[in-house]
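What the coordinates show
So the chains spell out like this:
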Amino acid sequence: MDLMSYVGEQFHKPIGLGGRLATFVMNRQNQRQYLGTEAILELGTSDAVLDIGFGNGYMLNRLADRNSCHFYGIDISHDMLDVAKKRNKKHIEDGRMSLSLGSAEQTGLADGLIEKAYTINTVYFWSSLDAGLKEIWRVLRPGGVFINTVYSKAMLDSLPVTKNGYAKYEIGEFLEAGERNGFSVKMVPIAEEKSYSIIYKK
Ligand SMILES: C[S@@+](CC[C@H](N)C(=O)[O-])C[C@H]1O[C@@H](n2cnc3c(N)ncnc32)[C@H](O)[C@@H]1O
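Right, let's walk through the structure included here.

Conventions adopted
- Residues numbered from 1 in each chain as written.
- Predicted model: local features only at pLDDT ≥ 70, side-chain atom pairs only at ≥ 80, totals over all residues.
- Heavy atoms only, no water.
- Near = heavy atom within 4 Å.
- Polar contact = N/O pair within 3.5 Å; in protein donor to acceptor, adjacent residues only side chain to side chain.
- Areas by Shrake-Rupley, 256 points an atom, 1.4 Å probe, with all protein chains shown as cover.
- Helix = DSSP H or I, 4+ residues; strand = E, 2+ residues; numbered from the N terminus.
- Nonpolar A, V, L, I, M, F, W, Y, C, P; charged D, E, K, R; others polar.
- Axes fitted to C-alpha atoms, helices over the stretch in contact; angles between N-to-C directions.
- Parallel < 35°, antiparallel > 145°, perpendicular 65-115°, else oblique.
- Left-handed = near helix turned anticlockwise from the far one by under 90°.
- Contact = heavy atoms within 4.5 Å.

Describing the site of the ligand
Neighbouring the ligand are 21 residues; Tyr-34, Gly-53, Asp-75, Ala-104 and Ile-120 lie closest to it. Here an oxygen atom of the ligand and a backbone polar atom of Gly-55 are 3.5 Å apart. Within the side chain of Glu-105, one N or O atom sits 3.1 Å away from a nitrogen atom of the ligand. Protein coverage of the free-state accessible area of the ligand, which is 600 Å², stands at 97%. Those elements that place two or more of their residues in the shell around the ligand are α1 (3-12) and α2 (16-29). Its residues assigned to classes, the shell around the ligand shows 10 nonpolar, 8 polar and 3 charged.

Observations concerning the packing of α2 against helix α5 (residues 78-87)
Between α2 and α5, the shortest axis-to-axis distance is 10 Å and the interhelical angle comes to 55°. Taken together, the axis directions place α2 and α5 in an arrangement best described as oblique. The two elements α2 and α5 meet at a crossing, and its hand is right-handed. Contact residues: α2 offers Gly-16, Gly-19, Arg-20, Thr-23 and Asn-27, while α5 offers Asp-79, Met-80, Val-83 and Arg-87. Residues of the contact of α2 with α5, tallied by class, amount to 2 nonpolar, 4 polar and 3 charged.

Spelled out as C-alpha cells, the structure:
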C-alpha cells in the first residue's frame with residue numbers, strides 16, 4: 001500500500017499509532033467544521049445527542065464539557081472506541097455518555113431514542129447514503145435533526161489521500177437522498193466552496 005492510500009485508510013478506519021496521529025491532525029484541521037456543527041446543533045439541556053463516527057472523541061468531549069445533554073456515540077473502530085472512552089472518562093462515569101461500536105448503517109440504538117444526531121467527515125465511508133439515512137430516520141424522534149458535515153467534492157478531489165476508498169458527493173446528491181428518505185433538507189455553508197453541513201429534519 002502506498003503512503004497516500006495508508007493515510008486515507010487511517011481517516012476511514014483509524015487503527016494503532018497511525019490512527020491516533022491521523023485523528024490528532026484531523027482535530028486541528030477541522031476546527032471550523034466542529035464550530036459550525038456545534039452552532040447548528042443548538043443543544044437544549046436535555047437533548048439526547050448522537051455522534052456517528054466519533055473518531056478520537058474530541059467533538060463529544062467538547063460538547064459534553066459545555067452542555068448537560070445525554071451523549072451517545074458509535075464508531076466502527078475498536079481503537080477509536082478505546083481512545084474516545086479514555087478522553088471522555090469523566091462524562092461516562094457521570095452517566096452522561098454512552099459509547100459503543102456501531103456504524104451509520106447499523107447503530108444498535110433503539111427506535112426514536114435521539115433528538116439530535118451529527119456526523120463529521122464520515123459519510124465518504126458509508127456503504128451507501130440511503131442505508132445510513134434509513135438507519136438515522138429510525139433512531140431519530142419525530143422532529144429530530146441530523147447534521148451531516150462534510151468537505152465539498154472539489155475540496156476532496158484536491159487531496160491525494162482521497163483517491164481511493166472515498167465516496168465523494170455533490171450537494172444535490174445529499175439533498176436528493178434526504179428527500180427520498182422522507183427528510184426536509186437544507187444546506188448551510190461552513191467555509192466557502194470547501195465545507196458545508198446538510199441539515200436533515202425528520
Ligand atoms: C475522518 S474520521 C472523523 C472522526 C470525527 N468525526 C472527527 O471529525 O473528528 C472518520 C471516522 O468515522 C469512522 N467511520 C468510518 N466508517 C463509518 C461508518 N460506516 N459508520 C460509522 N463510523 C464510521 C471511522 O472509524 C473514523 O473514526
